[in-house]
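Residue-level structural notes
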Amino acid sequence: MLCTVLLIGCGASTFIWYGQVTPLVVAYAISGSTAVILAWLAIRSLGRQRLAAARLLRNQLRLKRRNLLLQSTLENIGEGLSVFDSRGRLIAWNSRFCELLDLPPDWVANATLRDILMMQTVRGDFGEGQPEVEVTNRLDLFYCDVPTTKERITPAGRLLQIRRRAMPNGGVVSVYSDVTDIKASERKLIEAHSQAELANRAKGDFLANMSHELRTPLNAIIGFSEVISNELFGPIANEKYLEYIRDIHASSLHLLSIINDVLDMSKIEAGKVELAQEVVPMQSLIGEVMRMVHERAQSRNIELIAQMSKEEVDIWADERSMKQIFLNLLDNGIKFSREGGTVEVRVMTDRPDLAVFEIEDHGIGMNEQEQQRALQPFGQAQPATTRTYGGTGLGLPITKGLVEAHGGTLTISSRAGHGTTVRVVLPREPKRPASTLL
């Protein structure tokens, strides 16, 4: 507008002075063009200002939403959090931080690290001492002793865990957790574990003592009943007495077997199986075990079939344990087979470092759940098994424990109603020195 006025004045003066019309027309044209250009520039500048203002408003709203989201996140993490910059100013925190440290929320907003430490020191959070000295020492450690994890008890008696880490800009982020209940649970677990160990030790001592107390009278009963049943000092007039004596003898042997099984299981669970390893010819050992159970199999018309490899299979093992393993497996195979069935024993040497043995029967079998139960101490595949077939349910767990004590594995493959195959894999070379204590 100023340019237009100046141009009009200039044109008018020229016209008046020289009495010419052309300069006035030119002046008016120039002033009109200038006015249009200036108006367009003004409108464009105003549009840019409005666009910039709108962008600024959007950025401010976005930043506000982010701040609200960040603060909401901090409020809902369940733990106290504080962030102090390198100058000791509190730049981020949540209400849980104020709650755990018992700080006034309104006061914290304008407090520095020194102010907070001074407040805690004065009210005795850190014990007795000179407030200024205590605060200075803690300020020095706050930025130097990171990362760190500390625990302290609050005046309210809660156990507080504080984890601090340094930030790239020189600040420090701290996370505060109330671990009172967690520590109490840990103490209870430790106490329960200690009590369980004491109970287990008491059980071991009890079994060790009772083994002697029970075996001594049992051996006397077995010996005397055997003498009477064989009528070594003369015939027994009444046959009924002789029948009773034989029952006493058989029951005593059965009870002694149960006691031995319980003690063996106790040793296996305690990891105290004593193995005197030596070279054991497995074909001969299995043949001996089969002769031991032959009469039992024949009484039920069960055929024992042995499939031995042509190569002699010798392994380093405890001979007594090997006999117990295969005696238990063959006894189970015969016990759970049907009348007139078969029990097969296979010895395989597919690898030079391993010996593989399989005992297969075609009896009642087990499903997957029953197999897992059968491998547990005092477990039977079915509740009715004990009533029908007898036993304590310790045969398979003891066998598995002895196999694993030799560094081997025992696996079961079975189908209900179709029979069971037990596979034993043992290393041929010793895994441990002879006469080791596991």
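Within each chain, residue numbers correspond to sequence positions counted from 1 in written order. Owing to the predicted nature of the model, reporting of local features is limited to residues with pLDDT of at least 70; listing and counting of side-chain atom pairs is limited to 80 or more, with chain, interface and lining totals taken over all residues. With hydrogens and water stripped out, all remaining heavy atoms of the structure feed into the side-chain values.

Let's talk about the pattern of salt bridges
Throughout this description, the term salt bridge denotes a Lys or Arg side-chain nitrogen within 4 Å of a carboxyl oxygen of Asp or Glu. Per the counting criterion, the structure on display carries 21 salt bridges. Residue Arg 158 is joined to Asp 178 by a salt bridge in which the shortest nitrogen-to-oxygen separation is 3.0 Å. With Arg 158 in the loop between strand S3 (148–153) and strand S4 (159–166) and Asp 178 in strand S5 (residues 172–178), the pair connects residues that are 20 residues apart, well separated along the chain. On the accessibility criterion, Arg 158 (33% relative accessible area) is partly exposed. Its relative accessible area of 25% is what places Asp 178 among the partly exposed residues. Two residues, Glu 288 and Lys 323, come together in a salt bridge whose shortest N-O distance is 3.0 Å. Of this pair, Glu 288 sits in helix H9 (residues 282–299) while Lys 323 sits in helix H10 (residues 319–335), and the two are 35 residues apart along the sequence. Several salt bridges converge on common partners, so that one network encompasses Glu 344, Arg 346, Glu 358, Glu 360 and Arg 423. Working definition: helices are DSSP H or I runs of at least four residues, strands are E runs of at least two. Numbering for both runs from the N terminus. Relative accessibility under 20% of the residue-type maximum defines a buried residue, over 50% an exposed one, and the middle range a partly exposed one, all with a 1.4 Å probe and only protein chains included.

A word on the environment of His 294
Tracing the backbone shows His 294 in helix H9. Judged by relative accessible area, which is 42%, His 294 ranks as partly exposed. Linking His 294 and Ile 334, residues 40 residues apart in sequence, is a C-alpha distance of 9.7 Å.

Notes on the sheet that holds strand S8 (residues 303–307)
Across the sheet, which stays open at both edges, the five strands sit in the order S8-S10-S11-S13-S12 with mixed pairing between neighbours. Every other strand in the sheet has two partners, leaving S8 and strand S12 (409–415) as the edge strands with one partner each. Taking the axes of each pair of neighbouring strands and ignoring which way they run, one obtains an average angle of 15 degrees across the sheet. Contact definition: two residues touch when any of their heavy atoms are within 4.5 Å. The axes used here are C-alpha line fits, helices contributing only the stretch in contact, and every angle between their N-to-C directions lies in the interval 0 to 180 degrees. Packing against the sheet, H10 makes contact with S8, strand S10 (342–351), strand S11 (354–361) and strand S13 (419–427), and its axis sits at approximately 25 degrees to S11. Lying on the sheet, helix H13 (residues 395–405) is in contact with S12 and S13; it crosses S12 at an angle near 140 degrees. A pair of strands is considered paired only if DSSP assigns at least 2 bridges between the two.

As for a nonpolar patch on the surface
A residue counts toward a patch only above 30% relative accessible area and without a salt bridge, and it is joined to like-charged neighbours within 9 Å or, for Val, Leu, Ile, Met, Phe, Trp and Tyr, to nonpolar neighbours within 5 Å. Accessibility throughout is a Shrake-Rupley quantity obtained with a 1.4 Å probe, and a residue counts as covered only by protein chains that appear here. Nonpolar side chains collect at one region of the surface, where Ile 37, Leu 38, Trp 40 and Leu 41 lie side by side and expose about 400 Å² of accessible area between them. Structurally, the position occupied by Ile 37 is in helix H2 (residues 22–75).

Overview of the packing of aromatic side chains
The description of an aromatic ring pair rests on the distance of the ring centres and on the angle between the ring planes. For this analysis, a ring pair means two rings from Phe, Tyr or Trp (six-membered ring only for Trp) whose centres lie within 6.5 Å, classed as stacked if their planes differ by under 30 degrees, edge-to-face if by over 60, and tilted for the remaining angles. As enumerated under the stated definition, the model contains four aromatic pairs in all. Relative to Tyr 176, the ring of Phe 97 lies with its centre 5.3 Å away and its plane at 45 degrees, an arrangement referred to as tilted. A residue pair is termed long-range when its members are at least 10 positions apart, and Phe 97 in helix H3 (residues 95–101) and Tyr 176 in strand S5 qualify at 79 residues. Neither Phe 97 nor Tyr 176 differs from the other in exposure class; each is buried. A connected cluster of aromatic rings, assembled from ring pairs, spans Phe 84, Phe 142 and Tyr 143. Both a distance and an angle decide whether a charge sits over a ring: NZ of Lys or CZ of Arg must be within 6 Å of the ring centre and within 35 degrees of the ring normal. The cationic tip of Arg 138 hangs over the ring face of Phe 126; the distance from NZ or CZ to the ring centre is 3.6 Å.

Observations regarding the nonpolar core
Put simply, buried Ala, Val, Leu, Ile, Met, Phe, Trp, Tyr and Cys residues joined by side-chain atoms within 4.5 Å make one nonpolar core. By size, the foremost hydrophobic cluster in this structure holds 42 residues, and its most contacted members are Met 282, Ile 315, Met 322, Phe 326, Leu 330, Phe 357 and Val 424. Looking at which element gives the most residues to this core, the answer is H9, with seven residues. For Phe 357, the residues in contact, after removing those within four places along its chain, are Met 282, Ile 286, Val 313, Phe 326, Arg 346, Val 347, Val 422, Arg 423, Val 424 and Leu 426. One finds Leu 101, Leu 103, Leu 139 and Val 146 within the second-largest nonpolar core, a separate group that totals 22 residues.

As for a positive patch on the surface
Together, Arg 55, Arg 58, Arg 62, Arg 65 and Arg 66 make up a region of like positive charge exposed at the surface. The residue Arg 66 is located in helix H2 in this model. Relative accessible area serves as the criterion here: at 58%, Arg 66 is assigned to the exposed category. In this tally Asp and Glu are treated as negative and Lys and Arg as positive; neither His nor the chain ends contributes. To locate a charge, take atom NZ for lysine, CZ for arginine, CG for aspartate or CD for glutamate.

Considering the side chain of His 249
With respect to the helices, strands and loops of the structure, His 249 is situated in helix H8 (residues 239–270). With relative accessibility at 17%, the residue His 249 sits in the buried group. Once residues lying within four places of it in the same chain are set aside, the contact partners of His 249 are Ile 222, Ser 225 and Glu 226.

Some details on the sheet that holds S5
In space, the five strands of this open sheet follow the order S2-S1-S5-S4-S3, with antiparallel pairing throughout. Either end of the sheet is taken by a strand with one partner, and the two such strands are strand S2 (90–93) and S3. Here the strands of the sheet are splayed against their neighbours by 20 degrees on average, with no regard to which way each runs. Pairing between S3 and S4: six bridges, direction antiparallel. Opposite Arg 152, over in S4, you have Leu 160 as the bridge partner. Packing of helix H6 (residues 131–144) onto the sheet brings it into contact with strand S1 (80–84), S4 and S5, and relative to S5 it is tilted by some 100 degrees.

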